[in-house]
Amino acid sequence: MTVFFIGAGPGDPELLTLKAARIIGACPVCLYAGSLVPEAVVACAPEGARVMDTAPMTLEDTHAEIVAAHARGEDVARVHSGDPSLYGAIAEQIRRLKAEGIDYQIIPGVPAYAAAAAALGTELTVPEVAQSIILTRMSMKSTGMPAGETLENFARTGATLAIHLGIRALREIERQLVPYYGADCPCVVIYRASWPDQLIIRGTLTDVREKVRAAKITRTALIMVGPALGDSHGFPDSALYDAAKPHVLRPKVKAG
């Protein structure tokens with residue numbers, strides 16, 4: 001049997017990949033993170049499948065279900081939100097699977113930052129404004145951050161920041177980022193990107209906190225910071241389609 005770690009995407013069932021839907025639809029066991037993955041995403045599980053919401057379960061509980069499925073020779077769809085390679089907590093699950101000699105595969109999904117950018121109707125890599133995106137998180141009640149992976153260190157790059165698990169730490173985010181990005185730097189909070197109740201709160205590093213408080217958003221939100229999120233007028237066109245800059249697939253345009 002095989003355990004399939006499946007990226008469910010940000011929430012919209014239509015953003016589930018064809019491969020992910022096919023595998024969920026074939027697995028007799030489906031374990032999904034119900035706090036972040038809507039039931040509609042796993043509705044394609046086969047009739048009679050063992051479908052379980054893992055939100056109230058421990059790592060030992062979910063592993064026991066997988067071991068039992070292995071003994072029965074049944075494939076498992078282990079469905080995580082977004083893309084499982086980003087804050088999916090699959091590393092410790094994989095460690096246990098390897099110890100048990102259980103095969104696994106990872107099926108990628110649409111990450112939250114991509115869904116957020118789509119909801120904002122923007123490109124995150126704007127020529128001569130921002131060409132890098134840093135995906136990070138606040139530690140809060142989660143495991144600590146490695147030494148050197150601080151907001152201040154990331155802020156020195158000027159890149160666009162996509163901050164997970166930080167909605168309760170907006171004051172601290174403001175404190176650390178304003179010296180590098182400036183008080184008026186665009187800051188956007190996207191609550192439940194792609195869900196029916198999606199909410200976008202636009203502001204700056206110094207005023208977005210009050211807007212979030214007024215909206216009573218306390219969880220399931222992504223914070224994005226950087227000049228690329230602001231007014232995009234005035235930036236140069238990308239060289240990608242510039243007639244004066246030929247490449248192997250587009251010869252130089254002849255004059256006249």
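Structure: above.
Described below are features of the structure shown in this document. (Residues numbered from 1 in each chain as written. Predicted model: local features only at pLDDT ≥ 70, side-chain atom pairs only at ≥ 80, totals over all residues. Heavy atoms only, no water.)

## A few points about helix α3 (residues 91-100)
One turn of an α-helix holds 3.6 residues; hence residues three or four places apart share an orientation. Buried within α3 we find Gln93, Ile94 and Leu97. Along the axis of α3, the buried residues cluster in a sector spanning 95°; they form a single face. The exposed set on the far side of α3, more than 90 degrees from its buried face, consists of Ala91, Arg95, Lys98 and Ala99. Here the buried face of α3 lies against β1 (2-7), α2 (59-72), β4 (76-80) and β5 (103-107). (Buried < 20%, exposed > 50% of the residue type's maximum accessible area, 1.4 Å probe, protein only. Helix = DSSP H or I, 4+ residues; strand = E, 2+ residues; numbered from the N terminus. Arc of directions from axis to C-beta. Contact = heavy atoms within 4.5 Å.)

## Considerations on the side chain of Gln176
On the secondary structure map, Gln176 appears in helix α6 (residues 170-181). Exposure remark for Gln176: the relative accessible area of 13% places this residue in the buried category.

## A closer look at the pairing of strand β10 (residues 221-225)
Extensive coverage of β10 is indicated by the burial of five of its five residues. Both faces of β10 are covered, namely the face carrying Ala221, Ile223 and Val225 and the face carrying Leu222 and Met224. Bridge count between strand β7 (residues 160-164) and β10: three bridges; the pairing is antiparallel. Note on β10: the bridge partner recorded for Leu161 is Val225. Strand direction decides the pairing type here: strand β8 (residues 186-191) and β10, joined by five bridges, are antiparallel. Bridge pairing in β10 links Ile190 to Leu222. (Pairing = 2+ DSSP bridges.)

## A word on the nonpolar core
Grouped burial of nonpolar side chains is what soluble globular proteins tend to show. Among the nonpolar cores identified, the biggest contains 26 residues, and Leu161, Ile163, Ile173, Leu177 and Val225 are the most heavily contacted of them. Secondary structure elements with two or more residues in this core: α5 (151-155), β7, α6, β8, α7 (208-215) and β10. For this core, the element with the highest residue contribution is α6, accounting for four residues. Apart from residues no more than four positions distant in its own chain, Val225 is found in contact with Ala159, Thr160, Leu161, Ile163, Leu177, Cys185, Pro186, Cys187 and Leu205. Phe4, Ala8, Ile23 and Ile107 belong to the second largest nonpolar core, which has 19 residues in total. (Core = buried A, V, L, I, M, F, W, Y, C linked by side-chain atoms within 4.5 Å.)

## Comments concerning the environment of Pro84
Looking at the secondary structure, you find Pro84 in the loop between β4 and α3. Given a relative accessible area of 1%, Pro84 falls into the buried group. Sequence separation between Pro84 and Gly109 is 25 residues, and the spatial gap between their C-alpha atoms is 7.2 Å. When neighbours within four sequence positions are excluded, Pro84 is seen to be in contact with Phe5, Ile6, Gly7, Ile90, Ile106, Ile107, Pro108 and Gly109.

## Brief notes about the packing of α2 against α3
Taken N-terminus to C-terminus, the directions of α2 and α3 make an angle of 40°; their axes are 11 Å apart at the nearest point. Comparing their axes, α3 and α2 come out oblique. Judged by the sense of rotation from one axis to the other, the crossing of α2 with α3 is right-handed. Taking contact as the criterion, the partners of Leu59, Glu60, His63, Ile66 and Val67 in α2 are, on α3, Glu92, Gln93, Arg96, Leu97 and Glu100. Its residues assigned to classes, the contact of α2 with α3 comprises four nonpolar, two polar and four charged. (Axes fitted to C-alpha atoms, helices over the stretch in contact; angles between N-to-C directions. Parallel < 35°, antiparallel > 145°, perpendicular 65-115°, else oblique. Left-handed = near helix turned anticlockwise from the far one by under 90°. Nonpolar A, V, L, I, M, F, W, Y, C, P; charged D, E, K, R; others polar.)

## Concerning unusual backbone geometry
Positive phi outside glycine occurs at Ala89, with the angle close to 55°. By the element assignment, Ala89 lies in the loop between β4 and α3.

Keep in mind that these numbers describe shape and distance, not what the molecule does.
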